[in-house]
Amino acid sequence: MSSSSGGQQGPAARQAAMAEQVLADGSATAAELAERFGVSLMTIHRDLDELERQGIVRKSRGGVTAQPSGVFESNVQYRLKTMRAEKAAVADRALRMVEPGMAILLDDSTSTLEIARRLRTGEVTPLTVVTNFLEAINLLSDQRGIHLMALGGDYDPLHSSFLGVSCVEAVEQLRVDVCFASTSAVHGGYAYHQEQHIVSVKRAMLDAAARNVLLIDHTKLGRVALHRVVPLSRFDTLLVDDGASPEALRDLDEHKVRYEVCPTPGKGDGHDGNRTGAT
């Protein structure tokens, strides 16, 4: 259905509406967007070039996508909307590892953001939380009982986080009890991520913790991305939701990865919610 007002919108307003649609749907063709907004294909491609420049989406043949690939990570606004129930299930289990008096580190993943949401209940205090994720900083900045340490660095709007050399150096000065982290892909005994500047920060975070916990949703199992982050042996525990296939769990078993399958509330499953893989 074409939009009667799309052609009359200013470019900025049209691009914002276009970004919202693509982030909601995951992808779209240029022809679909041209019909939806009532403008020419040439105008659509100019709009998509600008959205790609901003890091919101990336162009593909004949259209645009907000979904991740082995080379590109998706925009944080898209990641915030995906796999929410699965991330919540994993975060619920992770929260049980947090005790009053601890210092914990949260990376810039939407999986660990679910832990931050649960910390707002104030049930686990006092607590020191260290993070480079602006979304988590905003959630916890006014929370009583939590000493919040925000890691500085170069702000990256695609990830809504602070990165770069100064962030790595700040992490290297710390020692925390537990680091909760996530990566884009897990396969063959390794964790992977698409972007090198993210990898360096995650590695520093893992080095700064006495214990490391990897949080992933099942869609990340059996996938690879451009950069190896670390072997899965660097994590004391891997937490994954109960959508994980038997084949994916078998791969973890074969590489002697310690993991737990976390039940998703309201979802029937065939897994034991507390299953632990080989150690």
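Values in this document were obtained by computation on a predicted structure and should not be read as measured data.

Some thoughts on the overall build of the protein chain
Logical step 1: Of regular secondary structure, the protein chain possesses 10 helices and 15 strands.
Logical step 2: The proportion of buried residues among the 279 residues of the protein chain is 51%.
Logical step 3: Across the protein chain, every contact between residues at least 6 apart in sequence was considered, and the portion connecting residues at least 24 apart equals 64%.
Logical step 4: Carbon together with sulfur atoms contributes 49% to the accessible area of the protein chain, which is approximately 12500 Å² in total.

Some words on the packing of helix α1 (residues 11-25) against helix α3 (residues 41-53)
Logical step 1: One way to put it is that α1 packs onto α3 with a least axis distance of 10 Å and a crossing angle of 75 degrees. Classified by the angle their axes make, α1 and α3 are roughly perpendicular. Judged by residue contacts, Arg14, Gln15, Met18 and Ala19 of α1 engage Thr43, Ile44, Asp47, Leu48, Glu50 and Leu51 from α3.
Logical step 2: In terms of residue class, the contact of α1 with α3 is made up of five nonpolar, two polar and three charged.

Details of the nonpolar core
Logical step 1: The biggest cluster of nonpolar side chains holds 37 residues, and the ones touching the most others in it are Val186, Leu221, Leu232, Leu238, Val240 and Leu252.
Logical step 2: Apart from the residues lying within four places of it in its own chain, the contact partners of Val240 are Val90, Ile216, Asp217, His218, Leu221, Leu249, Glu260, Val261 and Cys262.
Logical step 3: Of all hydrophobic cores here, the second largest spans 28 residues; its members include Ile115, Ala116, Val129 and Leu140.

Some remarks on the sheet that holds strand β2 (residues 58-60)
Picture the strands of a sheet paired through backbone hydrogen bonds; they go either parallel or antiparallel.
Logical step 1: The antiparallel open sheet is built from three strands, whose spatial order is β1-β3-β2. A single partner strand is all that each edge strand has here, and the edge strands are β1 (27-29) and β2. Pairs of neighbouring strands in the sheet enclose a mean axial angle of 25 degrees, with direction left out of account.
Logical step 2: Contacts from helix α2 (residues 30-37) reach β1 and β3 (63-65) within the one sheet, and its direction differs from that of β1 by about 80 degrees.
Logical step 3: Relative to the sheet, α3 contacts β2 and β3, its axis offset from that of β2 by approximately 135 degrees.

Topic: the sheet that holds strand β11 (residues 190-193)
Logical step 1: The strand order across the open sheet built from three strands is β10-β11-β13, with neighbouring strands paired in antiparallel fashion. If you trace the sheet from one side to the other, it starts and ends with β10 (185-187) and β13 (227-231), each paired once. Along the sheet, successive strands turn relative to each other by an average axial angle of 30 degrees, direction set aside.
Logical step 2: Sheet topology places β10 next to β11; three bridges connect them, and they run antiparallel. The partner of Ala185 across the bridge, within β11, is Tyr192.

Considerations on the side chain of Thr43
Logical step 1: For Thr43, the position within the fold is in helix α3.
Logical step 2: Engagement of the side chain of Thr43 in a polar contact is seen with the side chain of Ser40, the distance being 3.0 Å.

Quick word on the pattern of salt bridges
Logical step 1: Enumeration over the complete set of coordinates arrives at 11 salt bridges.
Logical step 2: The salt bridge involving Arg118 is made with Asp92; its shortest N-O contact spans 2.5 Å. One end of the pair, Arg118, is in helix α6 (residues 110-119); the other, Asp92, is in helix α5 (residues 84-95), and 26 residues separate them in sequence.
Logical step 3: Of the residues examined, Arg118 reaches a relative accessible area of 19% and is grouped as buried.
Logical step 4: Asp92 sits in the partly exposed class, given a relative accessible area of 36%.

Things to note about the pairing of strand β14 (residues 237-241)
Logical step 1: Of all five residues in β14, five are buried, a share of seventy percent or more.
Logical step 2: Here β14 shows a buried face lined by Thr237, Leu239 and Asp241 and a second buried face lined by Leu238 and Val240.
Logical step 3: Relative to β14, strand β12 (residues 209-216) is paired through four bridges, and the arrangement is parallel. Counted as the bridge partner of Leu214 is Leu238 from β14.

Points about the packing of aromatic side chains
Logical step 1: One pass over the structure, following the stated rule, counts two aromatic pairs.
Logical step 2: Between the aromatic rings of Tyr155 and Phe162, the centroid separation amounts to 5.3 Å while the plane-to-plane angle is 55 degrees, which identifies the pairing as tilted.
Logical step 3: Over the ring of Phe37 we find Arg36, and its NZ or CZ is 4.8 Å from the ring centre.

Description of the confidence of the model for the protein chain
Logical step 1: With 86% of its residues at a pLDDT of 70 or more, the protein chain shows a mean pLDDT of 86.
Logical step 2: Predicted confidence for residues 1-7 stays below pLDDT 50, and this span has 14 contacts to residues more than four positions away or in other chains.
Logical step 3: When the criterion is pLDDT under 50, residues 269-279 qualifies, and its contacts beyond four places in sequence or with other chains add up to 31 contacts.

Conventions adopted
Residues numbered from 1 in each chain as written. Predicted model: local features only at pLDDT ≥ 70, side-chain atom pairs only at ≥ 80, totals over all residues. Heavy atoms only, no water. Helix = DSSP H or I, 4+ residues; strand = E, 2+ residues; numbered from the N terminus. Buried < 20%, exposed > 50% of the residue type's maximum accessible area, 1.4 Å probe, protein only. Contact = heavy atoms within 4.5 Å. Areas by Shrake-Rupley, 256 points an atom, 1.4 Å probe, with all protein chains shown as cover. Axes fitted to C-alpha atoms, helices over the stretch in contact; angles between N-to-C directions. Parallel < 35°, antiparallel > 145°, perpendicular 65-115°, else oblique. Nonpolar A, V, L, I, M, F, W, Y, C, P; charged D, E, K, R; others polar. Core = buried A, V, L, I, M, F, W, Y, C linked by side-chain atoms within 4.5 Å. Pairing = 2+ DSSP bridges. Polar contact = N/O pair within 3.5 Å; in protein donor to acceptor, adjacent residues only side chain to side chain. Salt bridge = Lys/Arg side-chain N within 4 Å of Asp/Glu carboxyl O. Phe/Tyr/Trp six-rings, centres within 6.5 Å; stacked < 30°, edge-to-face > 60°. Lys NZ or Arg CZ within 6 Å of the ring centre and 35° of its normal. pLDDT = per-residue confidence, 0-100.

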